[in-house]
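Residue-level listing of the chains:
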Amino acid sequence: MTKHLLFFAALFISLNTLAQGVVKYAISFPNAIHHEAEVAITLPASNKDILIRMSRSSPGRYATHEFGKNVYNVKAFGPKGKPVKIRQIDGDIYSINTPKGVTKVMYTIFGDWVDGTYLGIDETHAHMNMPATFMWVERLQNLPIEITFNDLERYKWRVGTQLKPTNKSGVFTAPNLQYFMDSPTELSDYKTVVWTDTNTDKKQQKIRLVMHSTDDQEVTTNFSKMIEHTVQEAKMVFGELPTFDNGTYTFLHDVNSENDGDGMEHRNSTCITDDVEKIAGNESALIGTVSHEFFHSWNVERIRPESLEPFKFDHANMSSELWLAEGFTQYYGELILKRAGYRTDQEYYKTLGTLLNSVLNSPGANKYSPEQISRMAVFTDAGVAIDRNNFPNIFSSYYYYGAVTALALDLSLRADFNKTLDDYMRVLWKNHGKTEVPYTIPDLQKGLASITNESFAANFFMKYIYGSEKNNYEALLAQAGLSLQKSMPGSASLGTLKLTLQDNKVRVISNTVEGSSAYEAGLENGDYLLKIGDQDVKSVTDVNTVTSNYKPGDEVTLVYEHRGNIKNVKIKLRENNQLEVVTVTGSSATQNQFRDKWLSSKIK
Ligand SMILES: [Zn+2]
């Protein structure tokens, strides 16, 4: 999906096109109300057998998903429209063997899930992520694609997509399967706002918002102004916007309380779904996803790890670099909101506290490095399974882990090298983004050395990227007049627990966390907590009320039920380890200046 590949692919295609033609897709919605669509794929004439399949992964989602489960009524036709035999050889793969070749494949697809990965159809819209919607033929994946969206008038829909429009209504093209699969498409009666950005090279590019929500045009336009401002603040980090293919970047945004909240980056667009009723009143929450996803148009779409290149559609790519691709994007997503004025100081410090707390108190992050944790995305990124797992003790979000690593690097560069993380991002942009040369972790280390020195970069990567050592956040934040501290010092706690009231008893519904009193007591997911000391536990809030009567170090007996057996276990209560970031009273002018330089808007 890099420019390089696209360029060579383009040459290859133009030669190939003559010989082999185009793969044509058409999608219709005769039964949108029940979430079905009919897909027809016309293949170039050939007398070869074909294997046609659904994907099992989707760009930007890092776990494997089974899109084949929603495909049925698969049929194939030969050159004269005669039905030909098909054989389902795997859940999502069909083999079609016929001496005269195959020219058309048709099937029904069901989709009732609106997010950045799946397909959602009803009479208000068809929200399409391509891997969840369209089958493909592996040996034809380099051919150009033409797609026709039917039934637009019937439902009063228009087409929102990064695909290239043609002069025929409802007909779009993609240079190859990689680009097609990377191009989510929203068919709906959306509202739109388009503006122009003059890039640093003086070239103009279009940025547009395609908003499917029940808000009026005024609310949509006002929200687009927030997006425009966020885009400008993000642009200041790199000094320029990427050059978008076809000269346009599209925010595909769907807001509805039935949605699943999600954001998914693509090369020239992003697909954002929010699970709230409307934009109005939720602007400040919605802009958060915009900030994160747009930063991806540099970091991961163009500054791209070798491990994601090319993107595989039959099985998710595993990457050791998500601490940078997602984690640094998480850091900048939040920082840009602060710089743009969409977060107050206090809100920003609270976010930093949440990030640091979740990493420094995570058994997973204490045991494993950011690059190891990145590889777990193949299981954790909306991966679906019915059995329980031990993620609370072996995993830590690579978003948060990477974000606090970015924070430490930013503060270290500012304090020790008179540089910033923005400088580092610009180096990566120059070496790997603009040039679209996929990177490896040693490349990232080399880039860091170029603005610091060999030993700083080697040390940083050895300890904090390949290793699980933690930066000294107290000292780093102190330079900005901020303090990382316990938010409830001196209070006793069983540790982080998810609880619910079931059959009038308080049930534990998460793993207990290593190092906590609850873990030491042997309490487990599914157990019922009955008593702490001599106090009965009758409601979820009782747990905190009861433990707050004790001090750290106090011994109590925990009474709980495990698979019908009652257990009495004596434990020592620990101190609540939750962390927060707050301002230091009476910070010095130097500290304030350091903080301002870091957090203030970069728009001149
Ligand atoms: Zn992301």
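Residues numbered from 1 in each chain as written. Predicted model: local features only at pLDDT ≥ 70, side-chain atom pairs only at ≥ 80, totals over all residues. Heavy atoms only, no water.

Peer 1: Looking at this model, I keep getting lost on the sheet that holds strand β3 (residues 50–53). Mind explaining?
Peer 2: Picture the strands of a sheet paired through backbone hydrogen bonds; they go either parallel or antiparallel. The strand order β6-β7-β3-β11 describes an open sheet built from 4 strands, whose pairing is antiparallel. The strands lining the two open edges of the sheet, one partner per strand, are β6 (87–90) and β11 (136–137). The pairing of β3 with strand β7 (residues 93–96) spans 4 bridges and is classified as antiparallel. Residue pairing in the sheet places I52 in a bridge with Y94 of β7. (Pairing = 2+ DSSP bridges. Helix = DSSP H or I, 4+ residues; strand = E, 2+ residues; numbered from the N terminus.)

Peer 1: When you look at the side chain of S319 in this model, what are you seeing that I'm missing?
Peer 2: Within the secondary structure, S319 sits in the loop between α5 (283–295) and α6 (322–339). Note on S319: relative accessible area 2%, which makes it buried. A distance of 2.9 Å separates the side chain of S319 from the side chain of E321, its partner in a polar contact. Beyond its immediate stretch of four places on either side in the chain, S319 contacts P305, S307, L308, S374 and R375. (Buried < 20%, exposed > 50% of the residue type's maximum accessible area, 1.4 Å probe, protein only. Polar contact = N/O pair within 3.5 Å; in protein donor to acceptor, adjacent residues only side chain to side chain. Contact = heavy atoms within 4.5 Å.)

Peer 1: Explain the layout of surface pockets here, please?
Peer 2: Left-over empty space is what a probe sized like a water molecule reveals as it rolls over the atoms. Taken as a whole, the largest pocket spans an internal volume of roughly 1,200 Å³. Along the walls of the largest pocket sit 42 residues, with P392, T496, L497, N511 and V513 positioned nearest its centre. Among the secondary structure elements, those contributing two or more residues to the lining of the largest pocket are α7 (345–360), α8 (363–367), α11 (391–394), α18 (540–547) and β30 (574–575). Counting residues per element, the lining of the largest pocket draws most heavily on α18, at 5 residues. For the lining of the largest pocket, the class distribution of residues is 13 nonpolar, 24 polar and 5 charged. Mapped onto the domain boundaries, the lining of the largest pocket takes at least three residues apiece from domain 2 (318–480) and domain 3 (492–575). Approximately 580 Å³ is the volume found for the second largest pocket. The wall of the second largest pocket is formed by 26 residues, among which T289, H292, E293, Q330 and Y399 lie closest to the centre. Taken together, the residues of the lining of the second largest pocket sort by class into 6 nonpolar, 11 polar and 9 charged. Of the domains in this structure, domain 1 (3–188) and domain 2 (318–480) are the two that each give at least three residues to the lining of the second largest pocket. (1 Å grid on protein atoms, 1.4 Å probe; cavity = no way out; pocket = protein on both sides within 12 Å on 5 of 7 lines; lining within 4 Å. Points joined across faces, edges and corners; volume = space filled by probe spheres on them. Nonpolar A, V, L, I, M, F, W, Y, C, P; charged D, E, K, R; others polar. Domains from an automatic or database assignment.)

Purely spatial values, then, with no claim about function.
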